[in-house]
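An overview of the molecular structure
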Amino acid sequence: MRNPQLTKNGELQHLLTIDGLPREILTAILDTAAPFTEVAEREVKKLPLLRGKSVFNLFFENSTRTRTTFEIAAKRLSADVINLNINTSSTSKGETLLDTVDNLSAMQADMFVVRHAASGAPFLIAQHLAAMGLEHIHVINAGDGRHAHPTQGLLDMYTIRHYKRDFSDLVVAIVGDVLHSRVARSQIQALTTLGVPEVRVIGPKTLLPSEVEKLGVRVFHDMREGLKDVDVVMMLRLQNERMKGALLPSPQEFFKSYGLTADKLQCARPDAIVMHPGPMNRGVEIDSAVADGPHAVILPQVTFGIAVRMAVMSMLAGA
Amino acid sequence: MLPDAERLCEALAESLRPGLDPQTALVGIHTGGVWVAERLHAALGLKTPLGRLDVSFYRDDFSRSGLHPQLKSSDIPFEVEERPIVIVDDVLYTGRTIRAAMNEIFDYGRPARIDLAVLVDRGGRELPVCPRWTGETLQVEPGKNLQLERGEGNRLVLRLVDA
């Protein structure tokens, strides 16, 4: 079966997950993002690539940062952006997901940016558009359930490449609540596809998916051991809202074992970078001294995120 | 027989010299235009650093052909506001690239004026674009592309290839 994200010519048609995308496409996205970073330094921060196109932000789940950066990215490309906060609109009146999509398609949408609590919702929309003969409408997954958050994974790769130049010699550790994290899944897939030789996950057994080793990672339950000589530390947010039942004794207990402190960071390489997808829980997964310290590249991640999303949108619109 | 590109650069520099203001900035268009602009910049001893543009983001054929895979960053290392600017390109053909370049420059500020210097004018304009300085005017058949290449010892060479 053809990868549903790619056109017949192997170009990116939708961005739904990093899983199954060839290294060439990931590299092309990162390469394309680089010149977009320069646009932010101009007097007029706008490019005409998506002029006359309508981008619909369909957020079935709350998000401020991701929605805002997608909105800025689309606006810098001169698109018209329509934000739909679905909690407060038609679905509460009973409209189905695909009816919503059909209605917006009838309003001449060109691109949907979708966040949904259900894994696979963006895939369902892409499939539906194909069945309706609406292949010219592109779908970007902005986070679905526990499944994937591909643009976050890509902006993390952009950040790593920016500071470390090359993936082929790195040790990268992903720390925290991997079980509930779509970000972690996208990160692991991107890192292994781009050829990072050693990816580690660090966390308590209750917050790591069973058989996580099968993703090609090394598993550590002791944080100091796991951080030894790593080049990149990727912290995850403790997903309070996704947590059901007693997986953890308390956030304080979690911080003691798996919170990133300056002391634990000493185990990593002296030039290690610390990343976090935000929003941060200070004092739960990361100590303020680290979050605001010299190793942190958390705010550059946000800035690069705009350029990476501009690159993805331009590549989709040009496919 | 195509003219020698290095000679054309030298001649082009001499024809520019009398028309330049001390504030003038050169802006080369990637990739060939940047090479020519580098030659002119050195020959004319300009103080303002050289600007470089990749006009891919401003092209009018984006919706038809998408983004070029090898994008370069644009780099305008000077204040555009109120400055005389000379756009430099290797081969002038339809004029669409120059239109895109002018649009991009205006996103950095309002220049005092924009002039155009090209190494070769091959005719075939589709927009009202006219260079102020031209190295050489050549007749090229429609099915062919005239392109500038960098050969041995970074020497610039003009070549005719099938489009």
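Residues take numbers from 1 onward in each chain, read along the sequence in its written order. Here every chain gets a letter starting at A, and every ligand a number starting at 1, in the order they are written. Local features in this predicted model are restricted to residues whose pLDDT is 70 or higher, and side-chain atom pairs enter the listing and the counts only when it is 80 or higher, whereas totals over whole chains, interfaces and linings include all residues.

We now examine the overall build of chain B. Summing up its helical and strand segments, chain B has four helices and seven strands in all. Its helices and strands in sequence order give chain B the pattern α-β-α-β-α-β-α-β-β-β-β, from N to C terminus. Put simply, the radius of gyration uses C-alpha atoms, and a globule should come to 2.2 Å times the residue count raised to 0.38. For a compact globule of 163 residues, the expected C-alpha radius of gyration is about 15 Å, and chain B comes in at 15 Å, within 12% of that figure. Overall, chain B is about 40 × 40 × 30 Å in size when its C-alpha atoms are taken along their principal axes. Residue burial here comes from a neighbour count, namely the number of other C-beta atoms, placed from the backbone, that lie within 10 Å of the residue's own C-beta, with 20 or more meaning buried, 12 or fewer meaning exposed, and in between meaning partly exposed. With 163 residues in all, chain B has 39% of them scored as buried. A separation of at least 24 residues holds for 68% of the contacts in chain B among residues at least 6 apart in sequence. Runs of H or I in DSSP of at least four residues are treated as helices and runs of E of at least two as strands, each being numbered from the N terminus. Whether two residues are in contact is decided by their C-beta atoms, placed from the backbone, lying within 7 Å.

Moving on: the interface of chain A and chain B. With 17 residues of chain A at the interface, the matching set in chain B holds 14 residues. Contributions of two or more residues to the side of chain A that touches chain B are made by helix 1 (23–37) and helix 11 (298–318) of chain A. Counting residues per element, the side of chain A that touches chain B draws most heavily on helix 1 of chain A, at five residues. For this classification, the nonpolar set comprises Ala, Val, Leu, Ile, Met, Phe, Trp, Tyr, Cys and Pro, the charged set comprises Asp, Glu, Lys and Arg, and every other residue, Gly included, is treated as polar. Each residue belonging to the side of chain A that touches chain B can be placed in one class, and the counts come to nine nonpolar, three polar and five charged.

Further remarks concern the packing of helix 5 (residues 150–164) of chain A against helix 11 of chain A. Residue and element names in this part refer to chain A. Note on definitions: angles span 0 to 180 degrees between N-to-C directions of axes, and those axes are lines fitted to C-alpha atoms, for helices only across the stretch in contact. Viewed as axis vectors pointing N to C, helix 5 and helix 11 meet at an angle of 115°, and their least axial separation amounts to 8 Å. Here helix 5 runs over helix 11; the crossing is right-handed. Each of Thr-151, Leu-154, Leu-155, Asp-156, Tyr-158, Thr-159 and His-162 in helix 5 lies in contact with helix 11, whose residues at this interface are Pro-300, Gln-301, Phe-304, Gly-305, Val-308, Arg-309 and Val-312. Class assignment of the residues belonging to the contact of helix 5 with helix 11 gives a composition of seven nonpolar, five polar and two charged. In this scheme, a crossing is called left-handed if the near helix is turned counterclockwise away from the far one by less than a right angle; it is called right-handed if the turn is clockwise.

Turning next to the domain arrangement of chain A. Residues and elements named next belong to chain A. Domain assignment breaks chain A into domain 1 (23–149 + 303–318) and domain 2 (150–296). Boundary definitions for the domains trace back to an automatic or database domain assignment. With centres defined by C-alpha atoms, the gap from domain 1 to domain 2 works out at 26 Å. Each side of the interface is counted separately: domain 1 has 21 residues, and domain 2 has 21 residues. Those elements giving two or more residues to the side of domain 1 that touches domain 2 turn out to be helix 1, strand 4 (138–144) and helix 11. Of the residues assigned to the side of domain 1 that touches domain 2, the class counts are ten nonpolar, six polar and five charged.

The next thing to look at is the packing of helix 2 (residues 65–76) of chain A against helix 11 of chain A. Residue and element names in this part refer to chain A. Viewed as axis vectors pointing N to C, helix 2 and helix 11 meet at an angle of 55°, and their least axial separation amounts to 8 Å. Of the possible angle classes, the one that applies to helix 2 and helix 11 is oblique. As helix 2 packs across helix 11, the resulting crossing turns out to be right-handed. Facing Thr-69, Phe-70, Ile-72, Ala-73, Ala-74 and Arg-76 of helix 2, the residues of helix 11 in contact are Val-302, Gly-305, Ile-306, Arg-309, Met-310 and Met-313. Of the residues that constitute the contact of helix 2 with helix 11, the class distribution is eight nonpolar, two polar and two charged. Angle categories are assigned with fixed cut-offs, so that under 35 degrees is roughly parallel, over 145 is roughly antiparallel, 65 to 115 is roughly perpendicular, and the rest are oblique.

Before going further, it helps to examine the nonpolar core. Residues and elements named next belong to chain A. In terms of nonpolar packing, the biggest core is built from 143 residues, with Val-175, Val-233 and Val-274 touching the most fellow members. Among the elements that take part in this core, helix 11 stands out by supplying twelve residues, more than any other. Counting contributing residues, this core receives three or more from each of domain 1 (23–149 + 303–318) and domain 2 (150–296). Beyond its immediate chain neighbours, meaning those up to four positions away, Val-233 contacts Ala-173, Val-175, Leu-227, Leu-260, Ala-268, Ala-272, Val-274 and Met-275. The nonpolar core is taken to be a set of buried Ala, Val, Leu, Ile, Met, Phe, Trp, Tyr and Cys residues joined by way of C-beta atoms within 7 Å.

Trans peptide bonds make up the majority, and among non-glycine residues the majority have a negative phi. With an omega dihedral of -10°, the bond running from A:Gly278 to A:Pro279 counts as a cis peptide bond. Positionally, A:Pro279 belongs in the loop between strand 9 (273–275) and helix 10 (288–291). Cis geometry is found at the peptide bond from B:His30 to B:Thr31, where omega equals -5°. Relative to the helices and strands, B:Thr31 is located in the loop between strand 1 (25–29) and helix 2 (32–44). Even without a glycine there, the phi angle at A:Ser78 is positive, about 70°. For A:Ser78, the location among the structural elements is in the loop between helix 2 and strand 2 (80–85). Positive phi, normally seen in glycine, also occurs at B:Asn154, with a value near 60°. Mapped onto the secondary structure, B:Asn154 falls in the loop between strand 6 (144–150) and strand 7 (156–162).

All names here are of chain A. Regarding helix 4 (residues 121–131), the residues found buried are Ala-121, Pro-122, Phe-123, Ile-125, Ala-126 and Leu-129. Buried residues along helix 4 sit in contact with helix 3 (97–106), strand 3 (111–116) and strand 4. One or two steps after helix 4, the chain reaches Gly-133, where phi turns positive at roughly 70°.

In this section: the pairing of strand 7 of chain B. A regular strand places its side chains on the two faces of the sheet in alternate fashion. All names here are of chain B. Bridge count between strand 6 and strand 7: seven bridges; the pairing is antiparallel. Note on strand 7: the bridge partner recorded for Gln-147 is Arg-159. Pairing between two strands requires that DSSP report at least two bridges joining them. In sequence, strand 6 turns back onto strand 7 through a hairpin of five residues, with Gly-153 there showing a positive phi of about 60°.

This brings us to the sheet that holds strand 7 (residues 218–220) of chain A. Residue and element names in this part refer to chain A. Sheet architecture is open: five strands sit in the order 7-6-5-8-9, paired in parallel fashion. Strands with a single pairing partner mark the edges of an open sheet, and in this sheet they are strand 7 and strand 9. The sheet shows a mean angle of 20° between the axes of neighbouring strands, taken without regard to direction. Looking at chain direction, strand 6 (residues 198–202) and strand 7 are connected through three bridges and run parallel. Its bridge partner being in strand 7, Val-201 is matched across the sheet by Val-219. Relative to the sheet, helix 6 (residues 182–193) contacts strand 5 (171–175), strand 6 and strand 8 (232–235), its axis offset from that of strand 5 by approximately 170°.

Residue and element names in this part refer to chain A. Spatial strand order, 2-1-3-4: four strands in an open sheet with parallel pairing. The open sheet has two edge strands with one neighbour each: strand 2 and strand 4. Neighbour-to-neighbour, the strand axes of the sheet open up by a mean angle of 15°, direction not taken into account.

Glancing now at the pairing of strand 5 of chain A. All names here are of chain A. Counted residue by residue, strand 5 has four buried out of five residues, so it is predominantly covered. Both strand 5 and strand 6 contribute to a ladder of five bridges, which runs parallel. Bridged to Ile-174 within strand 6 is Val-201. Seen with its strands pointing away from the viewer, a crossover is right-handed if its path from the first strand over the helix to the second goes clockwise. As a crossover connection, the stretch from strand 5 through helix 6 into strand 6 is right-handed. The pairing of strand 5 with strand 8 spans four bridges and is parallel. Paired with Ile-174 across the strands is Met-234, a residue of strand 8.

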